[in-house]
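# Residue-level structure breakdown
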Amino acid sequence: MENCIFCKIANGGIPSRTIYEDDDFRVIMDLAPATKGHSLLLPKEHYKNIYELSDGIAAKALPLAKKMAALISERLGADGFNIIQNNNEAAGQTVFHFHMHLIPRYNDDGQKLVMIPQEMTDAQMEEIRELIAMPDMEG
Ligand code: AMP
Ligand code: ZN
């Protein structure tokens, strides 16, 4: 992808603060970190989002995220960890090359990654469950 900044960064065409690299991935420090150590896990191959991600890269991404979470947490003394992954504008994606945010958290970091709970009736919950359940799931 010619005009994709994360393609260029992941493949070394643009310098970045890299903390890990292998044949499939590069992990870099986020330019505008939410907390100390906020990093981004980038596949070298271009996938726009999770809908397009190959099964092979998907299968490798979480073990790597797990390894990086442990490493970053240990080195920086984190008290917790968020992994966030945005897909499409509606979900806050701003760079359209699949990436996972690796965000170490600290008891006093003052950061808020907020989810606002919505009111749902039991009937609404059941209607939604039926829409999103895998086939053959019992109620
Ligand atoms: P998202 O909103 O999930 O698409 O996240 C994009 C993230 O990429 C943001 O946290 C940005 O701070 C980060 N970002 C954008 N450009 C760069 C860059 N050149 N190097 C490092 N991080 C970047
Ligand atoms: Zn790309």
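Everything numeric here is computed off the predicted structure, so don't read it as measured data. (Residues numbered from 1 in each chain as written. Chains lettered and ligands numbered in written order. Predicted model: local features only at pLDDT ≥ 70, side-chain atom pairs only at ≥ 80, totals over all residues. Heavy atoms only, no water.)

Every one of the 16 residues lining ligand 1 counts as a neighbour, but Asp30, Asn86, Thr94, His99 and His101 are closest to it. Thr94 is positioned with one of its backbone polar atoms (N or O) 2.7 Å from an oxygen atom of ligand 1. The protein chains hide 81% of the 500 Å² of surface that ligand 1 would expose on its own. Breaking the shell around ligand 1 down by element, the ones donating at least two residues are α1 (5–10) and β2 (25–29). (Near = heavy atom within 4 Å. Polar contact = N/O pair within 3.5 Å; in protein donor to acceptor, adjacent residues only side chain to side chain. Areas by Shrake-Rupley, 256 points an atom, 1.4 Å probe, with all protein chains shown as cover. Helix = DSSP H or I, 4+ residues; strand = E, 2+ residues; numbered from the N terminus.)

Now for the coordination of the zinc ion (ligand 2). At 2.0 to 2.3 Å from the zinc ion (ligand 2) lie its protein donor atoms, namely Cys4 (SG), Cys7 (SG), His46 (ND1) and His97 (ND1). Coordination at the zinc ion (ligand 2) is tetrahedral, judged from the 4 donor atoms that bind it and the angles of 105 to 117° they form at the metal. Each donor residue of the zinc ion (ligand 2) belongs to the same chain, and together they define the spacing C-x2-C-x38-H-x50-H. Residue Cys7 is found in helix α1, and its partner His97 is found in the loop between β4 (80–84) and β5 (100–105); the two are separated by 90 residues along the sequence. Taken individually, Cys7 and His97 each receive the classification buried, so the pair is uniform in this respect. (Donors = N, O, S within 2.8 Å, 3.2 Å for Na, K, Ca; no water. Tetrahedral: all angles 85-135°; square planar, octahedral: opposite > 155°, others 65-115°. Buried < 20%, exposed > 50% of the residue type's maximum accessible area, 1.4 Å probe, protein only.)

Looking now at the sheet that holds β4. As summarised here, the arrangement of the 5 strands in space is β1-β2-β3-β5-β4, forming an open sheet in which the pairing is antiparallel. Each of the sheet's edge strands pairs with one partner strand only, and the pair in question is β1 (18–21) and β4. Direction aside, neighbouring strands of the sheet carry axes that sit 20° apart on average. The sheet contact formed by strand β3 (residues 39–43) and β5 spans 3 bridges and is antiparallel. Within the sheet, the bridge partner assigned to Ser39 lies in β5 and is Leu102. Sheet strands in contact with helix α2 (residues 55–76) are β1, β2, β3, β4 and β5, and its direction is about 20° off that of β5. (Pairing = 2+ DSSP bridges. Axes fitted to C-alpha atoms, helices over the stretch in contact; angles between N-to-C directions. Contact = heavy atoms within 4.5 Å.)

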